[in-house]
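Each chain, written out:
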Amino acid sequence: ELLVATTRDSPGGIRLLTLGPLTNVAMALDVDAELAGRLESIWIMGGAVQVAGNVAGSPGADTDNTAAEWNIYADPAAAQRVLESSIPIHLISLDGTNQVPVTRAFADRVRSASGTGPGLGVLQELFAENSYMVSGSSYLWDPLAAIFATGYEIGAFTETRVEVDTGEGPTSGATRQVDGDPNVSYLSQAESAAAEAILLQVLAGQ
């Protein structure tokens, strides 16, 4: 309801950033047939096009699914519904986010940084209390999606056609390349140092 109402009240196209399953976006598209025309683009943190997924071994995942990325896996049908819309879609997929891990060096820079932004303090606390975040298994998934949605050009996208495996088998939620006209562009290359610098600057309130 909020998505539909907000876009109706907007004087221009909305650039939508999603950081989780696409359930609410799919529902909004079904409720309001004109919503797609009011969205300039959707920037989706999700998908794994040319790389393995990250569902297997994730907390709460009772499956050995190595094909799907978690946000798409959580509601494959909703993801496919969004891909079938006419909205320009940019996947901030694991293809690109895998290139921007949370390194110990970056965590050290965060800990020693100063600034007025409250986000910096939050991230400093997260790193201090959660050592696993800098163990090499975490990546700047959501921050990277926000950086690109904001308009920073620190990487490259590849256009292709993607369909979501909406079945209930071991590859449920996989984002597969198929023949046909492109319906998405996915992040195929990301500049790690640039992403870290932007995130640190924004969080520090500079």
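This text follows the structure it describes.
Residues numbered from 1 in each chain as written. Predicted model: local features only at pLDDT ≥ 70, side-chain atom pairs only at ≥ 80, totals over all residues. Heavy atoms only, no water.

Draft legend 1. Structural detail: the overall build of the protein chain. When you go through the protein chain residue by residue, the secondary structure sums to 10 helices and six strands. Relative to the globule expectation of 17 Å for 206 residues, the C-alpha radius of gyration of the protein chain, 18 Å, shows essentially globular dimensions. With the C-alpha coordinates of the protein chain rotated into their principal frame, the extents come out at 50 × 45 × 30 Å. Counting every position in the protein chain, which comprises 206 residues, the buried fraction comes to 44%. Intrachain contacts of the protein chain at a sequence separation of at least 6 include 73% that bridge at least 24 residues. Element-wise, carbon and sulfur atoms account for 51% of the exposed surface of the protein chain, whose accessible area totals about 10300 Å². When the 9 basic and 25 acidic side-chain charges of the protein chain are each reduced to a single mean position, those positions are 4 Å apart. (Helix = DSSP H or I, 4+ residues; strand = E, 2+ residues; numbered from the N terminus. Rg over C-alpha atoms; globule rule 2.2 N^0.38 Å. Buried < 20%, exposed > 50% of the residue type's maximum accessible area, 1.4 Å probe, protein only. Contact = heavy atoms within 4.5 Å. Areas by Shrake-Rupley, 256 points an atom, 1.4 Å probe, with all protein chains shown as cover. Lys, Arg positive; Asp, Glu negative; His and termini not counted. Charge placed at Lys NZ, Arg CZ, Asp CG, Glu CD.)

Draft legend 2. Local environment of the sheet that holds strand 4 (residues 155-164). With mixed pairing, the six strands of this open sheet are ordered in space as 1-2-3-6-4-5. The sheet terminates laterally at strand 1 (14-18) and strand 5 (175-178), the two strands that pair on one side only. For this sheet the average axis-to-axis angle between neighbouring strands, irrespective of direction, equals 40°. Contacts between helix 5 (residues 76-83) and the sheet are confined to strand 2 (39-45), strand 3 (89-92), strand 4 and strand 6 (184-190), with strand 4 contributing the most and set at about 110° to the helix. (Pairing = 2+ DSSP bridges. Axes fitted to C-alpha atoms, helices over the stretch in contact; angles between N-to-C directions.)

Draft legend 3. Summary view of helix 1 (residues 2-9). All of the buried residues along helix 1 are Leu-3, Val-4 and Thr-7. Down the axis of helix 1, the buried side of the element spans an arc of 100°, and every buried residue falls inside it. Facing away from the buried surface of helix 1 by more than 90 degrees, the exposed residues are Leu-2 and Asp-9. If you follow the buried residues of helix 1, they end up packed against strand 1, helix 2 (23-31), helix 3 (35-38) and strand 2. (Arc of directions from axis to C-beta.)

Draft legend 4. Structural detail: the environment of Val-55. Take Val-55: it is sitting in the loop between strand 2 and helix 4 (70-73). Taking the C-alpha atoms as reference points, Val-55 and Ala-67, separated by 12 residues in sequence, lie 7.7 Å from one another.

Draft legend 5. Quick peek at the pattern of salt bridges. Taken as a whole and assessed by the stated rule, the structure comprises seven salt bridges. Residues Glu-40 and Arg-15 are paired through a salt bridge, measuring 2.9 Å at the closest nitrogen-oxygen approach. Taken as a pair, Glu-40 in strand 2 and Arg-15 in strand 1 lie far apart in primary sequence, 25 residues in all. The shortest N-O distance in the salt bridge between Arg-38 and Asp-32 comes to 2.5 Å. Residue Asp-32 is classed as buried on the basis of its relative accessible area, which comes to 5%. (Salt bridge = Lys/Arg side-chain N within 4 Å of Asp/Glu carboxyl O.)

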